[in-house]
Amino acid sequence: MTVAVSDYLREDKLPHLWCGGCSHGVVVGAVARALAALEIAPDQTVVTTGIGCFGKADDYIATHALHGTHGRALPFASGVKAAAPHLTVLALMGDGDAATIGGNHLIHAARRNLDITAIVSNNNNYGMTGGQCSATTPAGKRTSTSRYGSPEPDFDLCDLVIGSGGGFVARTTHYHVRAMEKLIAEAISYRGFSFVEVVACCPTYYGRYNREGDAASMVKLIKDRALSKDKYFKLAPDEREDFFPTGKLHVEEKADFTTRYLEVQKKAGGIKAESKEGSR
Amino acid sequence: MQNNIKFLSGNEACAEGAFYAGALFYAGYPITPSSEIAQIASERLPAIGGTYVQMEDEIASMAAIIGASCCGVKSFTATSGPGFSLMQENLGVAVMGEVPCVVINVQRSGPSTGLATNPAQADIMQARWGTHGDHSMIALTPSSVQECYEMTIRAFDLSEKYRCPVLVLTDKTVAQMREKVVLYEPGERKLAERKKPSGPAEEYLPYRADDDGIPPMAAFGDKRLLRVTSSTHNEQGFTNDDPGNAYTLIRRLYDKIEDNVDDIAVFKTYLMDDADTAFIAFGITARAALNAVYKLREEGHKVGLIDMSTMWPFPDRKLKEAVSGCRALLVPEMNLGQLVREVNRICCDKEVYSYTKSDGKNIFPAEIIKAWRESL
Ligand SMILES: Cc1ncc(C[n+]2csc(CCOP(=O)(O)OP(=O)(O)O)c2C)c(N)n1
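Quick caveat: nothing in here was measured; it's all calculated off a predicted structure. (Residues numbered from 1 in each chain as written. Chains lettered and ligands numbered in written order. Predicted model: local features only at pLDDT ≥ 70, side-chain atom pairs only at ≥ 80, totals over all residues. Heavy atoms only, no water.)

Novice: Requested: an account of the packing of aromatic side chains, with residues and values cited.
Specialist: As enumerated under the stated definition, the model contains 12 aromatic pairs over all chains in all. Measuring from ring centre to ring centre gives 5.6 Å for Phe-168 of chain A and Tyr-190 of chain A, while their planes differ by 45°; the resulting arrangement is tilted. Of the two residues, Phe-168 of chain A is situated in strand 5 (residues 168-173) and Tyr-190 of chain A in the loop between helix 6 (177-189) and strand 6 (194-199); the sequence distance between them amounts to 22 residues. Taken individually, Phe-168 of chain A and Tyr-190 of chain A each receive the classification buried, so the pair is uniform in this respect. Taking 5.9 Å as the distance between ring centres and 50° as the angle between the ring planes, the aromatic pair formed by Trp-312 of chain B and Phe-314 of chain B counts as tilted. Every member of this aromatic cluster is reached through a ring pair, and the members are Phe-19, Tyr-26, Tyr-52, Phe-76 and Phe-156 of chain B. In this arrangement the basic side chain of Lys-13 of chain A is found over the ring face of Phe-238 of chain B, its NZ or CZ atom lying 3.8 Å from the centre. Sitting above the plane of the Tyr-209 of chain A ring, Arg-208 of chain A keeps its charged end 5.9 Å from the centroid. (Phe/Tyr/Trp six-rings, centres within 6.5 Å; stacked < 30°, edge-to-face > 60°. Helix = DSSP H or I, 4+ residues; strand = E, 2+ residues; numbered from the N terminus. Buried < 20%, exposed > 50% of the residue type's maximum accessible area, 1.4 Å probe, protein only. Lys NZ or Arg CZ within 6 Å of the ring centre and 35° of its normal.)

Take a look at the structure:
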């Protein structure tokens, strides 16, 4: 099979609806290139999304798609993967989707370990609805619902997923486009729940509220704060504040849900149809 | 003794019905008085190559059965009051996205935790209107264990045929009482399957409806790319905010059910031929009402019963016809008067009486007879 990146994109849908300087399109491009690199057929791939700016991502991806409700991309994906384990399933989420309204689903998806790849474009606010506060808005940062600075601390998404049992957890930024593509490809290849956080920017809201300048200066800010995991953990704890670690933060092989459920089916005396077995 | 005659609870019969209908996927979150269905599904599905997943809540359960159904797998869940409330948003996804699936709601007392877990019949309006926005809904209301079995099978048939979620509204009493049930032999009953698309894969439009108002449905993994969306969409399944398109879509989703009310909505009549008074009831209350009918008939009163086996879509025309010879109607129900609103709406030329009870107890035949004597 020969596949081109364009096979995964709905080019007729371009230009996309995201604002100039938004990271979401960069992530969609990386997803398409990762799928093409792995030569996973578009008709064997399902993308689920929630609601939000990044929730629009499925409009531009030429695979099967399930565009659900705000915060629920992962449970929709879980139903798909549990019912049809041979399909490649990706859940594309904003930080509101993944970690705020959908936080409960995120920790349980990591624990349940269905072979789903969750990709979060984390722009630290709710872009779609006018730049409100999210569970990833850092304490003290301004948004349209935290005009005096947010009183709440933010989640470290990767730590959250690692703590919940996620077996493949990686972080990158929208500046590191090649790394992003590679990490997404590795995440898809990983058998089990995989999680990629893309540190992203929303110049329209978060950037404006926090006087971080235009898209280019926001990208530079993010790039300067991103350290490779090795560099980051060599810093003394009190030197880490202005930085965050990137790369594969945690990789651990473990039996995924489908493997374990095959055991359940065997014990129950059920036969599993050929086509339903994990093919990768 | 035939081995397809069983002594089952309503919940067990619902599960049997789902398996007979070909369900191979269950996602749910336990809640009394529905949990037996989850327990049976967790045991039986893996034994037939199916899958049971216990989700983190009912929001996720509803999402998961929609996801599974998009893979072409018949899927269901079961819950009760609080869980049914949590399912409402994603129930709307199944409506808008036209995803067949079955939700069994074992009604219990409310609001909120209520008299956990006493019976009630107070979710029928929630079933109809609980998810936001204009929509229709199919809801079946079994009044016996046999009907729990048959109506769950029928719920799958209707959901596949009309590409929509279908609700089975039992109540705690029907769900947990035991009765004799005759199960179908394998292959004995014909089952409905969703319409599959034909034609070239590139030309497939997931939301192009046939003349019957129902679009053929590809499955995830097919050559034809399936897009399922909760947003107002065009035939391709992309968000579209054109008012004309929006109205056409909403109308189609509504009409595909309401225009087929005669196919979908059936009810049972007892001794209605010469009745001057009809009791109109559903679920366990229909059983009490039937007993009251027999007792009153012994006294020579011309009383009949309509057991509303289908609550939604409401069979306006057929019900009006069925009670045309009656002077008075009495609607006993375990809520503060939900079904009676519908009866009043379509039978306003009759004397309509309501007998309601909302204290966690069943309505007994003697109460219905008393209500009948007092109202007439
Ligand atoms: C149940 C529910 N609550 C609230 C909303 C309104 N809403 C839509 S998108 C959104 C936030 C989106 O933020 P995020 O997931 O971070 O994605 P982004 O728009 O930033 O890409 C909210 C609050 C909704 N659609 N559904």
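Having seen it, we continue.
Novice: Tell me about the site of the ligand, residues and numbers included.
Specialist: Residue and element names in this part refer to chain A. Near the ligand, the surroundings consist of 18 residues, among which His-24, Cys-53, Gly-96, Asp-97 and Gly-127 are the closest. The contact in question runs from an oxygen atom of the ligand to an N or O atom on the backbone of Cys-53, over 2.7 Å. Backbone polar atom of Phe-54 to an oxygen atom of the ligand: 2.9 Å apart, as the coordinates give it. In the complex, the protein chains occlude 77% of the 590 Å² of accessible area that the ligand would expose alone. The greatest single-element share of the shell around the ligand, amounting to three residues, is contributed by helix 3 (residues 95-100). Residue classes in the shell around the ligand are distributed as six nonpolar, nine polar and three charged. (Near = heavy atom within 4 Å. Polar contact = N/O pair within 3.5 Å; in protein donor to acceptor, adjacent residues only side chain to side chain. Areas by Shrake-Rupley, 256 points an atom, 1.4 Å probe, with all protein chains shown as cover. Nonpolar A, V, L, I, M, F, W, Y, C, P; charged D, E, K, R; others polar.)

Novice: So what about the nonpolar core? Which residues, and what values?
Specialist: The biggest cluster of nonpolar side chains holds 154 residues, and the ones touching the most others in it are Phe-193 and Phe-195 of chain A together with Phe-25, Phe-76, Phe-279, Ile-280 and Leu-339 of chain B. At nine residues, the largest contribution of residues to this core is made by helix 6 (residues 145-162) of chain B. Residue-level mapping places this core at the junction of two domains, with at least three residues from each of domain 1 (1-264) and domain 2 (266-375) of chain B. Cys-22, Ala-34, Ile-184 and Tyr-190 of chain A belong to the second largest nonpolar core, which has 31 residues in total. (Core = buried A, V, L, I, M, F, W, Y, C linked by side-chain atoms within 4.5 Å. Domains from an automatic or database assignment.)

Novice: So, the pairing of strand 5 of chain A: which residues are in play, and what are the values?
Specialist: All names here are of chain A. In terms of residue burial, strand 5 counts as a mostly covered element, since six of its six residues are buried. Burial of strand 5 is two-sided: the residues Phe-168, Ala-170 and Thr-172 facing one way and the residues Val-169, Arg-171 and Thr-173 facing the other way are all buried. In this sheet, strand 6 lies alongside strand 5 in parallel orientation, the contact comprising six bridges. Looking at strand 6, one finds that Ala-170 is bridged to Val-196. (Pairing = 2+ DSSP bridges.)

Novice: Which residues make up the interface of chain A and chain B, and what values do they have?
Specialist: Each partner contributes residues to the interface: chain A has 42 residues there, and chain B has 42 residues. Both faces considered, chain A and chain B share a buried interface measuring about 3,200 Å² in area, 58% of it formed by carbon and sulfur atoms. Put simply, chain A and chain B have four salt bridges between them. In this structure, Asp-43 of chain A engages Lys-223 of chain B in a salt bridge whose closest nitrogen and oxygen atoms are separated by 2.5 Å. For the pair chain A and chain B, the number of links is 20 residue pairs in polar contact (both at pLDDT 80 or more). At the level of elements, strand 2 (64-67), helix 2 (73-83), helix 4 (103-112) and helix 10 (257-268) of chain A are the ones that each hand at least two residues to the side of chain A that touches chain B. With seven residues, the single largest contributor to the side of chain A that touches chain B is helix 2 of chain A. Residue composition of the side of chain A that touches chain B, grouped by class: 18 nonpolar, 14 polar and 10 charged. (Contact = heavy atoms within 4.5 Å. Buried area = accessible area lost by both parts, 1.4 Å probe. Salt bridge = Lys/Arg side-chain N within 4 Å of Asp/Glu carboxyl O.)

Novice: Quick rundown of the domain arrangement of chain B? Include the residues and the values.
Specialist: Interfaces are often sized by the accessible area lost when the parts come together. Residues and elements named next belong to chain B. Split into domains, chain B comes out as domain 1 (1-264) and domain 2 (266-375). Using C-alpha coordinates to define each centre, domain 1 is positioned 28 Å away from domain 2. Facing 33 residues of domain 1, the contacting portion of domain 2 comprises 30 residues. Contact between domain 1 and domain 2 buries roughly 2,500 Å² in total, counting both sides, with carbon and sulfur atoms accounting for 54%. Sorting the residues of domain 1 by area buried against domain 2 places Gln-121, Ile-124 and Met-125 first, and these three jointly supply 26% of that buried surface. Put simply, domain 1 and domain 2 have three salt bridges between them. The partner of Asp-262 in a salt bridge is Arg-317, with the nearest N and O atoms 2.8 Å apart.

Novice: Go over unusual backbone geometry with me, naming the residues and quoting the values.
Specialist: Residues and elements named next belong to chain B. Residue Pro-33 is reached from Thr-32 by a cis peptide bond, and omega for that bond is 5°. Within the secondary structure, Pro-33 sits in the loop between strand 2 (25-28) and helix 2 (35-44). Along the chain, Gly-110 connects to Pro-111 via a cis peptide bond; the corresponding omega equals 0°. Considering the arrangement of structural elements, one finds Pro-111 in the loop between strand 5 (101-107) and helix 5 (124-129). Phi is positive for Arg-163, close to 50°, though the residue is something other than glycine. Within the element layout of this structure, Arg-163 appears in the loop between helix 6 and strand 7 (165-171).

Novice: An account of the pattern of salt bridges is needed here, citing residue identities and associated values.
Specialist: Inspection of the entire model under this criterion finds 37 salt bridges over all chains. For the salt bridge of Asp-224 of chain A with Lys-220 of chain A, the shortest nitrogen-to-oxygen distance reads 2.8 Å. With Asp-224 of chain A and Lys-220 of chain A both in helix 8 (residues 215-225) and four residues apart, this pair spans about one turn of that helix. A salt bridge links Arg-44 of chain B to Glu-16 of chain B; the nearest nitrogen and oxygen atoms lie 2.8 Å apart. With Arg-44 of chain B in helix 2 and Glu-16 of chain B in helix 1 (residues 10-21), this residue pair connects regions lying 28 residues apart in the sequence. Judged by its relative accessible area of 19%, Glu-16 of chain B is buried. Here the salt bridges do not stand alone but share partners, grouping Arg-33, Arg-178 and Glu-181 of chain A into one network.

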